[in-house]
Each structure stands twice: as structure tokens, then as C-alpha cells.
Amino acid sequence: MIALELAGASKRYGARRALDRVNLVVPRGAAVGLLGPNGAGKSTALRLALGFARPSAGQVRLRGRDPADPAAREGVGWLPERPALPSRMRVRDLLRLHGALAGLAGEALEGEIDARLAQTGLRERARERVGALSKGLLQRVGFAQALLGDPEVLLLDEPTSGLDPLGIRDARDWIQSAHRRGATVLVSSHQLTEVERTCDHVVILHEGRVAASGALADLVRAGESLEDAYVRLVRGDTPERRAAGAPGGAP
Amino acid sequence: MSRLRAFRLLAAEAVRDSLRSRAGLALGVAAVLCLLFVDRCSGVGAVIQHGGRTLDPAALSQVLGPVLYGLVALFLVAAAGLVACDVLARPIEDGTVSLWLARPVGRVTYALARLAGAVTLSGVAGVVVLAVATALLARRYELDFGPGLVGAAVFLADAVVVSAVAMAASLFLPRLLTLFLVVTWVQLALFTNLAHMVGAMFGGWLGALERWGPPLGTALLFALSPWVGLEADREQALAVFARLGVWAAGAVALVALAFRRLELR
């Protein structure tokens, strides 16, 4: 089964082509890292996946359906980059509404909220207004809402943004534990180390196109880190080019 | 997740959101000011003379009662439009809309829930003010309750029209421009409606606005006609109320369709 599929998906914003005939398949239960430089089209791909924007060409299917269909988003957890949360709501009220919209109710809803507050270290902050929280705590609230109801598909845009080293380790644990219980995870990130630790497949976007995709083990050569492989695949950067002082090579 | 449940949850949150924001406070202040206005203006005990003749207090009440009620109702309609300018535009601007729409919630459900929340808040404030105003006018001018209640229903329909159009405009226009256009549009509609009732004829786009636009003022005048002592043509009144209903339905459909087609960044 396929959790998410972009088939020849293109997206234009005026004259700018944000995505160009992208083919991307995320099988159910996979953990896929979506990598690429700024402006490569990672966030656009996630917006198409959630139905926030329509592709200019091609098709997008989320859980086998058009993402514009609300049923496609059942069992989907979404963490946007720098999550914009309603600042006047209290943390618990925010989670309660998200949980209710995710289909939870009654004691199951309250129990799930307690579990996510405890998991993300927000139990003491439950009654605080979202607007009073620091950037790192906001990211934790974002994670708590995304993880509500054990979603079967988890879409995360820069999930470790704004987190301190302890927070980054916690976020990694949450992602890994969601993946272990069977959730499909798609992580868009600049943090190559985190992607390396949490994902088994990567898709590298460059200038709106898929520059490379596949299992981590297949993309990373012997003796290479993911960062080396990423630079090689995006820039065509090689040790030989670096030795020759080619522009754009690593220092 | 049924659409109805999602609608209910989001509409309730929209009401709470408006109450937490400055819009709720502004509406509360506007409501109190309206009541003070009606109380002070209807509490005047002066004897008015014109051309050496003392005006009949009953004749005065036929003018002053509906004028006070109408001014308050139309001010509250404009206030409802101003509140609605932010209801859909703000969550889009600050990005919070994406979290709600990542849930199994349809665009139309979300837009209608936000509209319902806004209209509930301004509607409750308006109906309370108009009910108290009706009670004051009934006691002081011995006017019937009926027209006041029909007027409150017309106010609700007006508020739906203006709120929905304001929300739809706010999806495409900057906030200040939307506010300006909503206020201008409501004033023009009222001006053409009221001027037409006293016999003025318009051509061009003003004529089109009077003939085909939302009968915000005309419907209110028909509702209050028993207070003024006018014998309204029943068929004409029904046609005006039907046109207001069509505008309300059309405006709701407009905001739903506009939001459905909107691309979120």
C-alpha cells in the first residue's frame, strides 16, 4: 500500500516552477527523508500532499485519495515548519480541539491528551496560553498535536527547528517510536544527521526536481556520510572537484 | 468525523476566538453604546413646537422610534461586517489555518464554521441590543413589539450577507481596503435603498445596486412599517424579504466557494 504518491506533479507560482514533474512514492510504514536546499520544493511537496495547494500538472494521492478529500487526511499528523499555533488558546484546549477533529472523544480524548502532554514534556504547561511559550516549547506543542491519536501518516516539516539539543533528541525518539509502531513518516529537513538517524529512505529535491531517491544504504557510498552524498548529488560535488578547487565545492 | 461534528467544533472555537480577540470587546462596547444612545434619545421629555404648533407626541414617536431602531440596527450590521473581515483572513495570515485543514476537515466546513462563529457573536450582540431597544421604545412610545422582532430577524439576515461578503473579500484584498470597501458598500446600499423609498430614482451602477443589490435598508423599513404607520404592499414586502434571503444564501455560497478555491501558502 502507498501512503503518499506524487505522480508527475508540477507546481507553478506565476513564472516560477516550484516543482517540476516530481514522482515520489512513500510506501506505507516507510520513514522517508525529504532533503534539498532552500527553495528546492520540499515545502511545496508537503503542501500538495495535504491539499493546501493543487498541482499545476500531475496527480497527488494521500492514502489513496485526492488530498482535497477530508477522508484522505484521516489518521494524518502534520507538523509545519515553525508551527503557527493560535496564541490565545491554552495548550490543553488546543490539543482537545485537534483530538476531537481527529475523531477522538470523551475519556479516550482526555487520556490521549494526557499521554501526549507527558510524552512531549508539557504536562506542567497544559494550562498556559500558547502565545506565552518559547520557540522550543511551541515546537513541542506542535509535535503533541501532530502525534495525537497515533496517526498512521506523519508529515513533518523541519521537525527539529527551534529545539535545543535535548529537544532534538526527544523529537528523534518521538519520530522513531511512531515509525516503530507502524506509522509512515515523511520528514522534510535540513538536518541531515537527523534524517540519517530517523529515516531509511531519502528523496533529494533540487530546483523542483528529484535529484536522487532511494534507500539510504544505496545512495551513500562506502566511506561517505549522508552529507557527502547529499552534496555530491545536489552539486555534482566530488573529491576530485574539490581538489581542483571547483567553485561551490566544500571548503 | 462527520461534517456536522467538525462544523460544530470549529464554529464553537470561532466564537471563543472572537471573544478572546479585540473584536469581541469592540462588539460589547458598541452594543453598550447603542443601548445608551437609544436610552438617551428616547428619554428626552421635550415639547417640540414647529411653526407655532406643538407636535403630537404620538406622531413624534412614529418617526423617532423607527429612526433610533434603524440607526442602531444598521450600525450593528456594519459592525458585523467589520468583525467578519478578520475571521477568515487572520488564520490564513498567521498560518494557523493549515493546522486545522490538515485534519479531516473540508474547506467548505471550515469557512462556514468561521462564518457561523462570527455571525453568532455579532448576531447575539445585535439581537440583545435590538430586543432591549424594542422594549424601551415600546414602553416610552407605546409601540408594538412585533415590528421590533421582525426587524431583529432582518438584522440577522443583513448581518449574514455583509459578514459573508466581507469574509470573501478579505480572502483577496488587504485588510484596510476590505474594511473600507465593506463600510462604503453598506453605506451605498443603505443610501440607495432609503432614497428609493422616498421616491429618488437612480441610473447606472447606483440604480443597479438599488434594484439588484442586497435590500439591507429596504427590508428593515418594511419590517418597521407598522411603527411608521405605512401600509406596506404585502407582495412587495415579500419580494424584498425573498431578495434578502437570496442574497444571504448567495453570500454564504460565495465565501464557501472562494475559500475552497484558495491556495494556501
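Just above sits the structure.
Here the structure is a predicted model, which is why all the values come from computation and not from measurement.

## What about the interface of chain B and chain A?
Right, on to step 1. Contact with chain B, which involves 19 residues of that partner, is made by 24 residues of chain A.
Right, on to step 2. Secondary structure elements with two or more residues in the side of chain B that touches chain A: helix H1 (3-20) and helix H5 (96-101) of chain B.
Right, on to step 3. Examining the composition of the side of chain B that touches chain A, we find that five residues originate from one element, H1 of chain B, more than from any other.
Right, on to step 4. For the side of chain B that touches chain A, the class distribution of residues is nine nonpolar, four polar and six charged.

## Observations regarding the pairing of strand E8 (residues 201-206) of chain A
Both faces of the sheet carry side chains from a regular strand, because those side chains alternate between them.
All names here are of chain A.
Right, on to step 1. Most of E8 is tucked away, with five of its six residues classed as buried.
Right, on to step 2. When strand E3 (residues 31-35) meets E8, the two strands line up parallel, connected through four bridges. Paired with Val32 across the two strands is His201, which belongs to E8.
Right, on to step 3. Inspection of the sheet shows E8 paired to strand E9 (residues 209-215) by six bridges, in the antiparallel sense. Residue pairing for E9: Val202 is matched across the bridge by Gly214.
Right, on to step 4. Linkage of E8 to E9, two consecutive antiparallel strands, is achieved through a turn of two residues, within which Glu207 is found at a positive phi near 50°.

## Notes on helix H6 (residues 107-141) of chain B
Right, on to step 1. The terminal C-alpha atoms of H6 of chain B lie 48 Å apart, and with 35 residues this matches the ideal 51 Å at 1.5 Å per residue to within 8%.
Right, on to step 2. Following H6 of chain B by one or two positions, Glu142 of chain B adopts a phi angle in the positive range, close to 55°.

## Let's talk about the sheet that holds E8 of chain A
Residue and element names in this part refer to chain A.
Right, on to step 1. Taken together, the six strands give an open sheet; going across it, the order is E5-E6-E7-E3-E8-E9, and neighbouring strands pair in mixed fashion. With one partner strand each, in any of the chains shown, strand E5 (76-79) and E9 form the two edges of the open sheet. Going from strand to strand, the sheet's axes swing by 15° on average, the running direction of each strand aside.
Right, on to step 2. Contacting E3, E5, strand E6 (153-157), strand E7 (184-188) and E8, helix H1 (residues 42-50) crosses the sheet at an angle of about 145° to E6.
Right, on to step 3. Sheet strands touched by helix H5 (residues 165-180): E3, E6 and E7. Its angle to E7, the strand with the most contacts, is close to 150°.

## Brief notes about helix H4 (residues 135-147) of chain A
Right, on to step 1. The terminal C-alpha atoms of H4 of chain A lie 18 Å apart, and with 13 residues this matches the ideal 18 Å at 1.5 Å per residue to within 8%.
Right, on to step 2. For H4 of chain A, the buried fraction is high: ten of the 13 residues fall into the buried class.
Right, on to step 3. Residues Leu137, Gln139, Arg140, Val141, Gly142, Phe143, Ala144, Gln145, Ala146 and Leu147 of chain A constitute the buried set of H4 of chain A.
Right, on to step 4. Against the buried residues of H4 of chain A lie E5, helix H2 (91-101), helix H3 (106-119), E6 and H5 of chain A together with H5 of chain B.
Right, on to step 5. Of the residues one or two after H4 of chain A, Gly149 of chain A is the one with positive phi, at around 75°.

## Some points on the environment of Gly81 of chain B
All names here are of chain B.
Right, on to step 1. Examined against the element boundaries, Gly81 turns out to sit in helix H3 (residues 57-87).
Right, on to step 2. Judged by the 28 C-beta atoms lying within 10 Å of it, Gly81 falls in the buried class.
Right, on to step 3. In this structure the C-alpha to C-alpha distance between Gly81 and Leu4, which are 77 residues apart in sequence, comes to 25 Å.
Right, on to step 4. Apart from the residues within four sequence positions on either side, Gly81 is in contact with Val162, Ser163, Ala166, Val182 and Val186.

## Observations concerning unusual backbone geometry
Residues and elements named next belong to chain A.
Right, on to step 1. A positive phi is found at Arg82, a non-glycine position, where the angle reads about 45°.
Right, on to step 2. By secondary structure assignment, the location of Arg82 is in the loop between E5 and H2.
Right, on to step 3. Phi is positive for Asp150, close to 45°, though the residue is something other than glycine.

Calculation rules
- All residue numbers refer to positions counted from 1 along the written sequence of the respective chain.
- Numbering of ligands from 1 and lettering of chains from A proceed in the order in which they are written.
- Local features in this predicted model are restricted to residues whose pLDDT is 70 or higher, and side-chain atom pairs enter the listing and the counts only when it is 80 or higher, whereas totals over whole chains, interfaces and linings include all residues.
- A residue pair is marked as a contact if its C-beta atoms, positioned from the backbone, fall within 7 Å.
- Where helices and strands are cited, they refer to DSSP runs of H or I of at least four residues and of E of at least two residues respectively, numbered from the N terminus.
- Classes in brief: Ala, Val, Leu, Ile, Met, Phe, Trp, Tyr, Cys and Pro nonpolar; Asp, Glu, Lys and Arg charged; the others, Gly included, polar.
- Counting other C-beta atoms within 10 Å of each residue's C-beta, where C-beta atoms are placed from the backbone, gives the exposure class: buried for 20 or more, exposed for 12 or fewer, partly exposed between.
- Think of it this way: DSSP has to see at least two bridges between two strands before they count as a pair.
- Given the number of residues in a helix, its expected span is that number minus one, multiplied by 1.5 Å.
- Lines fitted to C-alpha atoms define the axes here, with helix axes fitted over just the stretch in contact, and angles between the N-to-C directions of these axes take values from 0 to 180 degrees.

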